[in-house]
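One-letter residues, chain by chain:
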Amino acid sequence: MTATSTLLVHDDAVRANTRHFAALTGRRLMAVLKADAFGHGSIADSVLQSGARSIGVTSIEEALALRRAGVRVPVLSWLNVVDSDIAAAIVAGVDLAVPGPEMLHAIARAGRDVGRPARVHLHVDVGMARDGCPPEEWRALCDLARELRATDLLRIVGVMGHLSCADRPDDDQNARERGVFDAALRTARRRGIVPAVAHLAATAATVTGTGTGYDLHRVGAGLFGIDPSGTSDALRPALTLTSRVVSSRVVAAGTGVGYGLDHVVPRRTALALLPVGYGDGLPRTASHRAEVLVRGRRRPIVGRISMDMVVVDTGDDRIRPGESVTLFGPGDGGEPTVADWARWADTIPHEIVTRIGSRVARVHRTTAPAAETHHQETRHDRL
Ligand SMILES: *Cc1c(COP(=O)(O)O)cnc(C)c1O
């Protein structure tokens, strides 16, 4: 059986992007593989073989899944509720970010329970009022960390922050937030907390240089060909989404298509039905704008995007059931890109790549550099 809709993951593109960031950061690269590696699935081996030194994720569950998959390098998890399975994280040697005293107490307690010190990164909020310790509470957090460290329940290995406006390198806010981060590092040092790694930059701050000069770069989007600052042309998109035609028909001018009949075909034309919809991650707000590549030509999706299907106007081409259609890809063959879909849906590429659903089969494809036609494919389950 051939899969109906397939998400091809171009491992070679992720490897090339990773090598790019490893070089750009002087090999101080933490690969951020949260949200199923931005929807790209099992990619840890590829990034670790291409220069990443450690891995960052949000939840402890994601970190434990990486350990189960055999990942041995440092893994940092930075977003957890205080009653998460912290003990399991400590036993698995997972580093934990600390945004406040409650989490620090919970981690020290868990460390005592399992008889092993936890490795923590103190997280300061440098300006976006989201995650991390508010600057006015930072001194107290450092005091508490020093106190708990004295009991041997903690190793303070890092101090981290995250910039709010790094995709706009000319924004004064970047300098202000760097100032908050540097002050937080000084406050920590004055209390004898000298972290092995200070880290501030994600993709945009790395590409634009607004977050350079520290010990680590947490890069996610860039590994998958997404540059939030729009300033790098070195990155390669790493996904191709295809589907296959279920049926086609020829309709007369004036025929209404889909729910609400709010698209009316202006002329006699052929319509093709694809079994992929917003239940598979296509943004419904891209209705009336999105296009796909059919037989080498861009064709519009017509009518509203449904949960399970879309209709494509293929003009004079009557498409045979089973024929393949490309919804997005790197763009080399004229197909729409993830960036096109993001524009059609008035969102960012990150949202398009992270929402492709479980009905779509993931296929990892490594193109051997020497022979572009040789493909090595491995099917896998989601992480
Ligand atoms: C997602 C995330 C990153 C990676 O950001 P990208 O822009 O995808 O590189 C880094 N740090 C934190 C705290 C994050 O949540």
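Residues numbered from 1 in each chain as written. Predicted model: local features only at pLDDT ≥ 70, side-chain atom pairs only at ≥ 80, totals over all residues. Heavy atoms only, no water.

**Quick word on the sheet that holds strand E9 (residues 216-219)**
Overall, parallel pairing links the eight strands, which are arranged E2-E3-E4-E5-E6-E7-E8-E9 in a closed barrel. Put simply, the sheet's adjacent strands are angled 30 degrees from each other on average, direction ignored. The pairing of strand E3 (residues 54-57) with strand E4 (residues 75-77) spans three bridges and is classified as parallel. When the bridges of E4 are listed, valine 57 appears paired with serine 77. Against the sheet, helix H8 (residues 173-190) makes contact with strand E7 (154-160) and strand E8 (197-201), and its axis sits at roughly 170 degrees relative to E8, the strand it touches most. (Pairing = 2+ DSSP bridges. Helix = DSSP H or I, 4+ residues; strand = E, 2+ residues; numbered from the N terminus. Axes fitted to C-alpha atoms, helices over the stretch in contact; angles between N-to-C directions. Contact = heavy atoms within 4.5 Å.)

**Topic: the UniProt feature "active site" (unreviewed entry) in the chain**
Mapped onto this numbering, the UniProt entry gives "active site" (unreviewed entry) at Lys34 and Tyr259. Spanning 226 residues, the named residues do not form one spatial group; their C-alpha atoms are separated by as much as 35.6 Å. Mapped onto the elements of the fold, lysine 34 is located in helix H2 (residues 34-39). Residues in contact with lysine 34, not counting those within four places in the same chain, are Gly56, Val57, Thr58, Glu62 and Trp78. (UniProt positions renumbered as here; feature names shortened; annotations may be inferred.)

**Some points on helix H6 (residues 101-114)**
Between its first and last C-alpha atoms H6 spans 20 Å; for 14 residues at 1.5 Å apiece the expected length is 20 Å, and the two agree. On its buried face, H6 sits against helix H5 (86-91), strand E5 (94-98), strand E6 (118-123), helix H7 (138-150) and E7. Once H6 finishes, glycine 115 follows within two positions and takes phi at roughly 70 degrees, a positive value. (Expected span 1.5 Å × (residues − 1).)

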